[in-house]
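Coordinate inspection notes
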Amino acid sequence: MSIQVFGLPVSRGVAIGRAVLVASSRVDVAHYFIGADRVEHEIERLRGARNAVAAELESLKLELPSEAPHELAALLDVHLMLLHDESLTGATKLWIRDRHYNAEWALSAQLEVLARQFDEMDDLYLRERKADVEQVVERLLRELAGADAGHFVPPVQAARDFAGEDPLVLVANDVAPADMMQFKRSVFTGFVTDVGGRTSHTAIVARSMDIPAVVGAREASRLIRQDDWVVIDGDAGVVIVNPSAIVLEEYRFKQRQSELERARLDRLRHTPAVTLDGQAVELLANIELPGDAAGALDAGAVGVGLFRSEFLFMNRGGDLPGEEEQFEAYRDAVVALQGLPVTIRTVDIGADKPLERLSPQELRHEHGLNPALGLRAIRWSLAEPGMFRQQLRAILRASAYGKVKILIPMVAQLGEVKLVFEALARARQQLDDAGRAYTPVEVGAMIEVPAAAVMIDRFLRHFDFVSIGTNDLIQYTLAIDRADEAVAHLYDPWHPAVLQLLHRTITCANAMGRGVSVCGEMAGDAAFTELLLAMGLRSFSMHPARIAAIKQRMLRADTRLLAALMPQVLDSDAPAELMRLVAAGRTAH
Ligand code: PEP
Ligand code: MG
């Protein structure tokens, strides 16, 4: 039976594929296809892991002290029985043989199927056996990881490149931003999560992958079953499970239309972004890793406006990247940009981007009740001065290879500004002492806390440029957690208070002759292009995939007419409606 699930649209287009359900705790399990010649080898890996786990359980049983409760031995017997049960290892082999999944992926796929079956059982005793299956699978996964450590690099292969395979879409309760990174070059052609807001970092990484995605779809991972056919409408935020033939055909048509539209926009890639009245606009790229830099150039970006350096810091088991490793990453991005500017943001760890993969309970314990208001971004950097100087040295050293700018996230206090410049002076001194080369770099601040926007003139006395982080600016102005789907309907970029802060920041920076850009998601959303141009913004930083569509809007805009509308927009109770009419050419400018 076909069902629909509603969520928040994150990334445009339509994806049609079979569902791959992944438990949040297992999102980091490797997902890749194996070639036909590797099937037997993969089954052998699974068999080896099963035998090793069986031996481990047998020896645990033998070592049980005689006074151990009888239940313990019984539990080990249950685990041994599950291990040899056809519904686990036998069915897992089918995922490997028929679908060409790697062993870890096949195991987690089968676990999802079994977990559903247990959830639906009436008998409480049997329902509770789900935890036992999970433990057995955990042991198998650990064994597979241990046995393979270091000598097999999974071939990352896109699903569409794998002849004969159906496209796949990922369905999960939640995916941490760092885990999303591993899907950047992976097999999935779309994804759905139960939780998350439109500007959560998970959604941001999904958008950068340029595949259709829906987040905050609440019940999706419960309603969708492993292998169901799923349509993801990333424009409408709708997921259709097991669509009828007619609906499927309709979406295939929509999919073809959006591919045609994409191809058409593609031709604009290297056209300069100049408005009808001759105003040049700078379109920059947001990137997460140095490997994204070449794609940014290819998409027509004239520089990187935001390199989110924290992705180099995440999921490393507490081991932070050292100066050399960071330097190489920044240098690679700078070299790839061939002389165009690269704006490197100092690490923005915290809130929904913890260093470690933590459960919500652990997150609360480690980072307090309100991590978005806690030790995050520049606050964390200033609390770890050695780490901060190390990052500054690495960034400064990369400046010897091209044009680098430094961007400081989340400044809110003038005291922080002073400490930042002191840290920079010390980092430069340390490089001088070590005889390391660097060049002068511009230093800018993210304006994403209302306090900084309100006193923008005071901040601009210290910084060469500012970049407005609308994702956080909206979150903090409206007191709406950007990652919480329960309040997503209140997350309103058009809120008059947000517009006033944006307008104030852009106008003030322009008046003081300082650079100003927007690097939050608003910059890549065509609904806001005319508004931001009207406010006087001439520099936009966004996911590379959005550049062509935004450029198309710029080419049709007349900034003189738009600017004249600003007083009316700021005074309006319905600015979104007003700007929609303007964009459609239905008001007298
Ligand atoms: C923002 O807050 O708008 C921004 C660009 O930074 P991030 O999304 O990484 O918090
Ligand atoms: Mg931010």
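Structure: above.
Conventions adopted
- Residues numbered from 1 in each chain as written.
- Chains lettered and ligands numbered in written order.
- Predicted model: local features only at pLDDT ≥ 70, side-chain atom pairs only at ≥ 80, totals over all residues.
- Heavy atoms only, no water.
- Helix = DSSP H or I, 4+ residues; strand = E, 2+ residues; numbered from the N terminus.
- Rg over C-alpha atoms; globule rule 2.2 N^0.38 Å.
- Buried < 20%, exposed > 50% of the residue type's maximum accessible area, 1.4 Å probe, protein only.
- Contact = heavy atoms within 4.5 Å.
- Pairing = 2+ DSSP bridges.
- Donors = N, O, S within 2.8 Å, 3.2 Å for Na, K, Ca; no water.
- Near = heavy atom within 4 Å.
- Polar contact = N/O pair within 3.5 Å; in protein donor to acceptor, adjacent residues only side chain to side chain.
- 1 Å grid on protein atoms, 1.4 Å probe; cavity = no way out; pocket = protein on both sides within 12 Å on 5 of 7 lines; lining within 4 Å.
- Sits in = over half its atoms within 2 Å of the grid points.
- Salt bridge = Lys/Arg side-chain N within 4 Å of Asp/Glu carboxyl O.
- Phe/Tyr/Trp six-rings, centres within 6.5 Å; stacked < 30°, edge-to-face > 60°.
- Axes fitted to C-alpha atoms, helices over the stretch in contact; angles between N-to-C directions.
- Nonpolar A, V, L, I, M, F, W, Y, C, P; charged D, E, K, R; others polar.

Section: the overall build of the chain
When its secondary structure is counted, the chain shows 25 helices and 16 strands. On C-alpha atoms alone, the chain measures out to a radius of gyration of 26 Å, which is about the 25 Å that the 2.2 N^0.38 rule sets for 589 residues. Each principal axis of the C-alpha atoms in the chain carries an extent, and together these give about 80 × 65 × 45 Å. When the 589 residues of the chain are sorted by exposure, 54% land in the buried category. Taking all contacts inside the chain whose residues are at least 6 apart in sequence as the whole, residues at least 24 apart take part in 72%.

Quick word on the pairing of strand β3 (residues 14–22)
By the criterion of burial, β3 is predominantly enclosed, with 9 of the 9 residues buried. Sheet topology note: the β3/strand β7 (residues 229–233) ladder contains 5 bridges and is antiparallel. Residue pairing for β7: R18 is matched across the bridge by W229. In this structure, β3 lies alongside strand β4 (residues 168–172), joined through 5 bridges in parallel fashion. If you follow V20 over to β4, its bridge partner there is L170.

Let's talk about unusual backbone geometry
Of note in this structure, H100 is not a glycine but carries a positive phi near 65°. Residue position: H100 is located in the loop between α3 (86–99) and α4 (103–119). Positive phi is not limited to glycine here, since Q338 has a value of about 50°. Mapped onto the elements, Q338 comes out in the loop between α12 (323–336) and β11 (342–345). The class for Q338 is exposed, based on a relative accessible area of 65%.

Observations concerning the coordination of the magnesium ion (ligand 2)
Taken together, the protein ligands of the magnesium ion (ligand 2) are E448 (OE) and D472 (OD), with distances of 2.0 to 2.1 Å. In this pair, E448 sits in the loop between β13 (442–447) and α17 (450–454) while D472 sits in helix α19 (residues 470–478), placing the two residues 24 residues apart along the sequence. According to the relative accessible area criterion, D472 is buried, its value standing at 2%.

Observations regarding the site of ligand 1
Close contacts around ligand 1 come from 17 residues, with H201, R308, R345, N471 and R482 the closest. With respect to ligand 1, the backbone of T470 contributes an N or O atom lying 3.1 Å from an oxygen atom. The side chain of R482 places a nitrogen or oxygen atom 2.8 Å from an oxygen atom of ligand 1. According to the grid-proximity analysis, the pocket containing ligand 1 is the largest cavity. Elements with a minimum of two residues in the shell around ligand 1: α8 (201–209), β10 (304–308) and α19. A per-element tally of the shell around ligand 1 places α19 first, with 3 residues.

Digging into the pattern of salt bridges
Overall, the coordinates contain 38 salt bridges when judged by the stated rule. The salt bridge partner of E104 is R45, with a shortest N-O separation of 2.7 Å. Linking E104 in helix α4 with R45 in helix α1 (residues 39–63), this pair joins segments that are 59 residues apart in sequence. Assigned by exposure class, E104 and R45 land together as buried. Residues joined by salt bridges that share partners form a network here, namely E310, R345, D348, R376, D472 and R482.

Some words on the packing of aromatic side chains
Within this structure, the stated rule accounts for 9 aromatic pairs. When the centroid spacing of 5.8 Å and the interplanar angle of 80° are considered together, the rings of F307 and Y330 count as edge-to-face. Of this pair, F307 sits in strand β10 while Y330 sits in helix α12, placing them 23 residues apart in sequence. Y330 carries the same exposure label as F307, and that label is buried. Each residue in the set F33, W95, Y101, W105 and F188 is aromatic and connected to the rest through ring pairs, giving one cluster.

Some remarks on the sheet that holds strand β1 (residues 3–6)
In space, the 8 strands of this open sheet follow the order β1-β8-β7-β3-β4-β5-β6-β2, with mixed pairing throughout. The sheet is open, and its two borders are formed by β1 and β2 (8–11), each paired with just one other strand. Pairs of neighbouring strands in the sheet enclose a mean axial angle of 30°, with direction left out of account. Relative to strand β6 (residues 213–215), strand β5 (residues 188–193) is paired through 2 bridges, and the arrangement is parallel. Bridging from a neighbouring strand, F191 pairs with A213 of β6. Lying on the sheet, α8 is in contact with β2, β5 and β6; it crosses β2 at an angle near 45°.

Points about the packing of α1 against α4
Each pair of packed helices can be summarised by the angle the axes make with each other and by the distance between the axes. At a minimum axis separation of 9 Å, α1 and α4 run at an interaxial angle of 65°. Contact residues: E42, R45 and L46 in α1; A103, E104 and L107 in α4. Broken down by class, the residue content of the contact of α1 with α4 amounts to 3 nonpolar, no polar and 3 charged.

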